[in-house]
Amino acid sequence: MGRTEADTPVTAAIHAARWIREAAVDDDHGHHWLANPDPGGRSANAGHSATLYSGAAGIVLFYLELAAATGDQSYLDDALAGADHLVTVSGTITDPTFYHGLMGLVFALTESYWATGDATHQVAAERIAERVLASQRPSREGLTWTGDVSQRGDGGIALGLLHIAGMLGRDDLEEVAIMTGRTIAGQVVPGHQFGAEGGDLPVDAVTPGFLSGTAGSGFLMARLYGVTGDGMFLAAARRAADFVRMVSSVSDKCALVPHHVPHARALNYLGFCSGSAGVARLFHELYRVTGDPGDLDWVERLARGVINSGVPERRSEGYWNVACQCCGAAGLIEFFVGLWAATGTREYLDVATELGDDLIERATRDDGRGMRWYQAYRRLRPHEITADTGYMVGAAGIGAALLHLAAAREGRDARRVILLPDNPFPAIPVPADSL
């Protein structure tokens, strides 16, 4: 444990890359990485080794960013080898979703193509996207992939298709995303579903959060309104936002979102998946596409709720021993870096810097194996302590967040960073008037 004078966000990301390289495997499937290279280590989130959430697709994104930030060709070589692995194993994956399946591979391969010009990755991305389209099946409402309209299900696929359509110039992918969105927009409250989060919640629970709840579906509705100008999508996004407002705790200029209702109104996650950092994305997307200052006010209320909670020093029930992008400190860095770039309010960059300093201080790096973060990924299982390599649960995503923080502090020299399709903040993470 411990920090040295040499530790900066970029050097910490380099040390994180060393830990991930410790996990490298070369076999018949190409170059990829163990989820946890500790002797006998197991992943906090067991899934296919290629996923964006915890596998190779997310690590490819991190290496692409580290190569851009440092100019070190070896990181680009790692990214290319990992992208080749994605192509090799894509045929073994049937899950079509963004974070845990094929759409995440499509995104990583498209970013690899943009960064390197390797046309084989573009071809593979389009081929995998075609597989996703072909896997739709009839449902009572129309067509579905998963039967789940949230961002972890059909909503995430639609958002991924919409993003890739722009990157690859594929209008047909955009049309599928819009049709999927029309189905979701037909709900009274988009994303309002009972017993979410894979059966971990009571059957009558509803979550307003991002990955498996109302805020994520509302975000998709707002994004589709921005693309199409169709008022149906704006109305649906407003219904989602109204539900979030209705269930939140509000005081003065501060707001906190319950993890789920009606049972856990006082359990306020702060991170991306189910907390303030994710829910704020809905309101910022609404502000981005409508210019309504009331939406920006809610983004800043949610930010104030996080700040007033005492992060990073105070470990609340909704901000426990967790460092990752999904529900921890790295996701909060993404939020405050993005909010700094959108508003120019210096306090947000200061909070992001404080969170980054704390992450570096908390890292383990005393054995020469690189920097990693031991955490209790599942709040309800605090005894399960792991250090993963992946993007949403481990070192790759933490390293990426630190690189985004570093870019935000570079001013006019800031570079484009890789943001996932559900991140509404500027891809050059500094205020526009600083460029």
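Think of each chain on its own: its residues are numbered from 1, step by step along the sequence as written. Local features in a predicted model are, by the rule used here, given only for residues with pLDDT of at least 70; side-chain atom pairs are given and counted only at 80 or more, and totals for whole chains, interfaces and linings are based on all residues. Each side-chain value is worked out from all heavy atoms of the structure, with water and hydrogens disregarded.

Q: Can you help me understand the packing of helix H11 (residues 293–308) against helix H12 (residues 329–343) in this one?
A: Relative placement of two packed helices is described by the angle separating their axes and the distance separating the axes. Axis definition: a line fitted to C-alpha atoms, over the contacting stretch in the case of helices. Angles run 0 to 180 degrees between N-to-C directions. Put simply, DSSP marks the helices as runs of H or I at least four residues long and the strands as runs of E at least two long, and each gets a number from the N terminus on. Viewed as axis vectors pointing N to C, H11 and H12 meet at an angle of 135°, and their least axial separation amounts to 12 Å. As summarised for this structure, H11 and H12 are arranged oblique, according to the angle between their axes. The hand of the H11/H12 crossing is left-handed. Together, Leu296, Val299, Glu300, Ala303, Val306 and Ile307 of H11 and Leu332, Phe335, Phe336, Leu339 and Thr343 of H12 make up the contact between the two elements. Any angle that is under 35 degrees is reported as roughly parallel, and any over 145 degrees as roughly antiparallel; angles of 65 to 115 degrees are reported as roughly perpendicular and all others as oblique. By definition, turning the near helix anticlockwise from the far helix through less than a right angle yields a left-handed crossing, and turning it clockwise yields a right-handed one. Residue contacts are counted whenever heavy atoms from the two residues lie within 4.5 Å of one another.

Q: For this particular structure, what's the right way to read the packing of aromatic side chains?
A: The geometry of an aromatic ring pair comes down to the distance between the two centres and the angle between the two planes. Each Phe, Tyr or Trp ring, with Trp reduced to its six-membered ring, pairs with another whose centre is within 6.5 Å; inter-plane angles below 30 degrees give stacked pairs, above 60 give edge-to-face pairs, and intermediate values give tilted ones. Counted according to the given criterion, the structure contains 14 aromatic pairs. Judged by centre distance (5.3 Å) and plane angle (45°), the rings of phenylalanine 210 and phenylalanine 272 are tilted. With phenylalanine 210 in the loop between helix H7 (171–185) and helix H8 (214–228) and phenylalanine 272 in the loop between strand E6 (254–256) and helix H10 (276–290), this residue pair connects regions lying 62 residues apart in the sequence. Take phenylalanine 210: its relative accessible area is 0%, and that puts it in the buried class. These aromatic residues form a ring-pair network of at least three members: Tyr53, Phe98, Tyr99, Phe107, Phe210, Phe219 and Phe272. Accessibility here uses a 1.4 Å probe with only protein chains present; expressed as a share of the type maximum, an area under 20% marks a residue as buried, one over 50% as exposed, and anything in between as partly exposed.

Q: How should the environment of glycine 41 be read in this particular structure?
A: With respect to the secondary-structure elements, glycine 41 resides in the loop between strand E2 (30–33) and helix H2 (56–70). Taking C-alpha positions, glycine 41 is 7.4 Å from threonine 386, a pair spaced 345 residues apart along the chain.

Q: Hey, could you run me through the pairing of strand E1 (residues 24–27) in this one?
A: Looking down a regular strand, the side chains alternate between one sheet face and the other. Pairing between two strands is assigned when DSSP locates at least 2 bridges connecting them. The pairing of E1 with E2 spans four bridges and is antiparallel. Within E2, the position partnered with aspartate 27 by the bridge is glycine 30.

Q: Before we go on, may I ask you to explain the pattern of salt bridges in this structure?
A: It is possible for side chains of opposite charge to pair when their charged atoms get near one another. By salt bridge we mean one thing: a side-chain nitrogen of Lys or Arg within 4 Å of a carboxyl oxygen of Asp or Glu. Enumeration according to the criterion identifies 27 salt bridges in this entry. Among the ionic pairs, glutamate 285 bridges to arginine 288, the shortest N-O distance being 2.8 Å. Taken together, the residues glutamate 285 and arginine 288, both in helix H10 and three residues apart, mark about one turn of the helix. Residue classification places arginine 288 among the partly exposed residues on the basis of a relative accessible area of 46%. Note that aspartate 358 is salt-bridged to arginine 362, the shortest N-O span being 3.6 Å. One end of the pair, aspartate 358, and the other, arginine 362, are both in helix H13 (residues 346–362), four residues apart, so they sit about a helical turn from each other. A relative accessible area of 19% means that aspartate 358 is categorised as buried. Each of Arg238, Asp242, Arg245, Asp292 and Asp295 takes part in a single network of salt bridges with overlapping partners.

Q: When you look at helix H14 (residues 395–408) in this model, what are you seeing that I'm missing?
A: Since there are 3.6 residues in each turn of an α-helix, residues three or four apart along the chain are aligned in direction. In this analysis, the expected span of each helix is defined as 1.5 Å times one less than the number of residues it contains. Over its 14 residues, H14 runs 20 Å from end to end, which matches the ideal 20 Å to within 8%, given 1.5 Å per residue. Here H14 lies mainly inside the structure; 14 of its 14 residues are buried.

Q: Sorry if this is basic, but what is going on with the packing of H2 against helix H4 (residues 102–116) here?
A: H4 packs onto H2 with a crossing angle of 25° between their chain directions and a minimal axis gap of 9 Å. It follows that H2 is roughly parallel to H4 by the angle criterion. As H2 runs across H4, the sense of the crossing is left-handed. Seen from H2, the contacting residues are Ala57, Val60, Leu61 and Leu64; seen from H4, they are Gly104, Leu105, Phe107, Ala108, Glu111, Ser112, Ala115 and Thr116. Under the grouping applied here, Gly and all other residues not named as nonpolar or charged are polar, the nonpolar ones being Ala, Val, Leu, Ile, Met, Phe, Trp, Tyr, Cys and Pro and the charged ones Asp, Glu, Lys and Arg. By residue class, the composition of the contact of H2 with H4 is eight nonpolar, three polar and one charged.

Q: Where do I start with the environment of leucine 220 in this structure?
A: Positionally, leucine 220 belongs in helix H8. For leucine 220, a relative accessible area of 1% gives the class buried. For the pair leucine 220 and isoleucine 178, spaced 42 residues apart in the sequence, the C-alpha separation amounts to 9.8 Å.

Q: What should I look at first to understand the nonpolar core in this one?
A: Nonpolar side chains tend toward joint burial in soluble globular proteins. Counting 143 residues, the largest nonpolar core has Phe62, Phe336 and Trp373 as its most contacted members. With ten residues, H2 is the single largest residue contributor to this core. If we skip the residues at most four places from it in the chain, phenylalanine 62 touches Ala13, Ala16, Ala17, Ile20, Ala396, Gly399, Ala400 and Leu403. Working definition of a nonpolar core: buried Ala, Val, Leu, Ile, Met, Phe, Trp, Tyr and Cys residues. They are joined through side-chain atoms within 4.5 Å. Within the second largest apolar cluster, five residues are counted, among which are Val206, Phe243, Val247 and Val261.

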